[in-house]
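# Structural characterization, general
The primary structure of each chain is shown beneath.
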Amino acid sequence: MRDMLLAHHGLVGSGGASGVGHGPVDLDVEVHGLPLDALERILVRLGPVNLVGRAFSVFKLSLGGADIDVSLPRRDSRVRPGHRGIRAQGDPWLGLVEAARRRDLTVNAIAFDPLSDELVDPFHGEADLKRRLLRAVDPATFTEDPLRALRVPQFAARFRFDVDPALRELCGSVPVHELPAERIHGELRKLLMLPSAPSWGLRVGVEASLWRRLHPALAQRDWEPVYRAVDQAVAARDGVLAGQPGRAEALMLCALLHPVDPGQLESVFDRLDVHSAAGFSLRGAVQGALARAPALTAPIPDGALRTLAREARRMGGLRLWLALAQALGRDCAGPARRAEELGVGLEPPGPLVSGRDLKALGMAPGPDMGVLLEELYLRQLEEGIQDSAVLLEGLGPAPRGP
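From a predicted model like this one, the values you see are computed outputs, not experimental measurements.

Reading the values: rules and limits
- Residues numbered from 1 in each chain as written.
- Predicted model: local features only at pLDDT ≥ 70, side-chain atom pairs only at ≥ 80, totals over all residues.
- Heavy atoms only, no water.
- Axes fitted to C-alpha atoms, helices over the stretch in contact; angles between N-to-C directions.
- Helix = DSSP H or I, 4+ residues; strand = E, 2+ residues; numbered from the N terminus.
- Parallel < 35°, antiparallel > 145°, perpendicular 65-115°, else oblique.
- Contact = heavy atoms within 4.5 Å.
- Nonpolar A, V, L, I, M, F, W, Y, C, P; charged D, E, K, R; others polar.
- Pairing = 2+ DSSP bridges.
- Phe/Tyr/Trp six-rings, centres within 6.5 Å; stacked < 30°, edge-to-face > 60°.
- Buried < 20%, exposed > 50% of the residue type's maximum accessible area, 1.4 Å probe, protein only.
- Salt bridge = Lys/Arg side-chain N within 4 Å of Asp/Glu carboxyl O.
- Core = buried A, V, L, I, M, F, W, Y, C linked by side-chain atoms within 4.5 Å.
- pLDDT = per-residue confidence, 0-100.
- Expected span 1.5 Å × (residues − 1).

This part covers the packing of helix α14 (residues 302-312) against helix α16 (residues 333-342). One can describe the packing of α14 onto α16 by two numbers: an axis separation of 10 Å at closest approach and a directional angle of 75 degrees. Relative to α16, α14 is oriented roughly perpendicular. Facing Asp302, Leu305 and Arg306 of α14, the residues of α16 in contact are Pro335, Arg338, Ala339 and Leu342. Broken down by class, the residue content of the contact of α14 with α16 amounts to four nonpolar, no polar and three charged.

What follows concerns the pairing of strand β4 (residues 58-63). Relative to β4, strand β3 (residues 49-50) is paired through two bridges, and the arrangement is antiparallel. Bridge pairing in β4 links asparagine 50 to lysine 60. Note: β4 against strand β5 (residues 66-71), six bridges, orientation antiparallel. If you follow lysine 60 over to β5, its bridge partner there is aspartate 69. Linkage of β4 to β5, two consecutive antiparallel strands, is achieved through a turn of two residues, within which glycine 64 is found at a positive phi near 60 degrees.

What the rule picks out here adds up to two aromatic pairs. Seen in terms of ring centroids, phenylalanine 159 and phenylalanine 161 are 6.5 Å apart; in terms of plane orientation they differ by 70 degrees. Their pairing is edge-to-face. Accessibility assignment for this pair places phenylalanine 159 and phenylalanine 161 in one class, buried.

Below, the discussion takes up the pattern of salt bridges. Overall, the coordinates contain 22 salt bridges when judged by the stated rule. Aspartate 69 is the salt-bridge partner of lysine 60, the closest N and O atoms lying 2.6 Å from each other. Given the relative accessible area of 34%, lysine 60 is considered partly exposed. In this structure, the salt-bridge partner of arginine 283 is aspartate 270, at a minimum N-O distance of 2.7 Å. Here arginine 283, found in helix α13 (residues 282-292), pairs with aspartate 270, found in helix α12 (residues 265-272); they are 13 residues apart in sequence, far enough to count as distant. Classification of arginine 283 by relative accessible area gives buried; the value is 15%.

One finds Leu134, Leu257 and Leu318 to be the most contacted residues of the largest nonpolar core, which totals 86 residues. Considering every element that reaches this core, the biggest residue donor is helix α11 (residues 245-257), with nine residues. Once residues within four sequence positions are removed from consideration, leucine 257 is found in contact with Leu218, Leu265, Val268, Phe269, Leu272 and Leu290. Among the nonpolar cores identified, the runner-up in size contains twelve residues, and Val31, Leu39, Leu43 and Ile68 belong to it.

Next up on the list: the confidence of the model for the chain. Interpretation of the predicted coordinates at a detailed level should be avoided for regions scoring low in pLDDT. On average, the chain scores 86 in pLDDT, and the residues at 70 or more come to 87%. Note that residues 13-22 has pLDDT below 50 and, in this model, 27 contacts with residues that lie over four places away or in other chains. This model gives residues 398-402 a pLDDT under 50, and the stretch forms 13 contacts once residues within four places in sequence are excluded.

A few words now on the side chain of histidine 185. Along the chain, the position of histidine 185 falls in helix α7 (residues 181-193). Histidine 185 sits in the buried class, given a relative accessible area of 14%.

Right, let's get into unusual backbone geometry. The residue after alanine 298, namely proline 299, is reached through a cis peptide bond having omega -5 degrees. Despite not being glycine, aspartate 117 has its phi angle at roughly 55 degrees, a positive value. Within the secondary structure layout, aspartate 117 lies in the loop between β8 (111-113) and β9 (118-120). Among the residues examined, aspartate 117 registers a relative accessible area of 59% and is labelled exposed. We note that aspartate 273 has phi near 60 degrees; this positive angle belongs to a residue other than glycine.

This part takes up helix α5 (residues 147-159). In a regular helix each residue adds 1.5 Å, so 13 residues correspond to 18 Å; α5 covers 19 Å between its end C-alpha atoms and thus fits that length. In terms of burial, α5 is largely enclosed, as 13 of its 13 residues are buried. One or two positions beyond α5, positive phi appears at arginine 160, with a value near 55 degrees.

Right, dumping it as structure tokens:
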């Protein structure tokens, strides 16, 4: 067989995604008829090559400012349970049809041969693209990797594609309980953070019994409030929380998990790998928002907003709490706007009076000073005081102390 380059351009590919009618966001090149060592020697002459994926016959080539995944056709075989129990072996002579067969969905099994200028589509993925339909390439190979079952809901949601009934049934048979928590979180995050209507994918997962098999707490009978909440939360995710990925993800997780019994949250967090990211306590933010936001509703006076901002500071911030309240159908649009006008959406104002100020008045350090500082700070927040002299007025030269 002659050497062949195939540029895969399925709808969702292995990384980034493109909508129908748009060019690919990433480029995967599959090389046929060339052994791994020979391929590597050629690639290093073209540009910097990341060898991390060499064990899976995959190289990442940096070329012209773009990263290109270059691989051999691969045979996958299950050697033990779980997503990591897949043994991948490159086979440059596998053939076009068998190489495409190992892919998950027909829309991801389309390739273009630049040497012959032809589309290679043995499983009719192009027709499925036009029908906006997700189908499995081969039931036998699809079920080898349980992570594929979680990819289907997020693909369906991101592109508003229907799911073939046979594929939905396949997803329902895959042992997703074998998946490690970090892989679950990766797919769930895409489902919550990328689509304009995450409920589309959540419905697919419910129909395939995916969520309840990940954790019993996700087996609630009525998903309609969850569907509404996650879709309502998208406005804040892409609006007031845009550019704040930690808070945005916390909001979407809150919308998903708000019906869960608080006593089960910790085990759900563990199963979904909800921890901290880039110094932001995702778990703490979700816990705090779920505990307080559902009770918020208008009217909320300015003083109460400032006080809430102080309480929310270490648990995601008031902006997150109010966004969740709105996603849950509470009347908090006005308070949310007012919180931004007051500048307390993310941080409350700092205290105007410090221990040094009280020492200057003759007060000795100790518990009484701490109590007074707390009282002054609460008064500052409740009354919106912006001048420390107003707070210190009337305290006298030695308000308290021995």
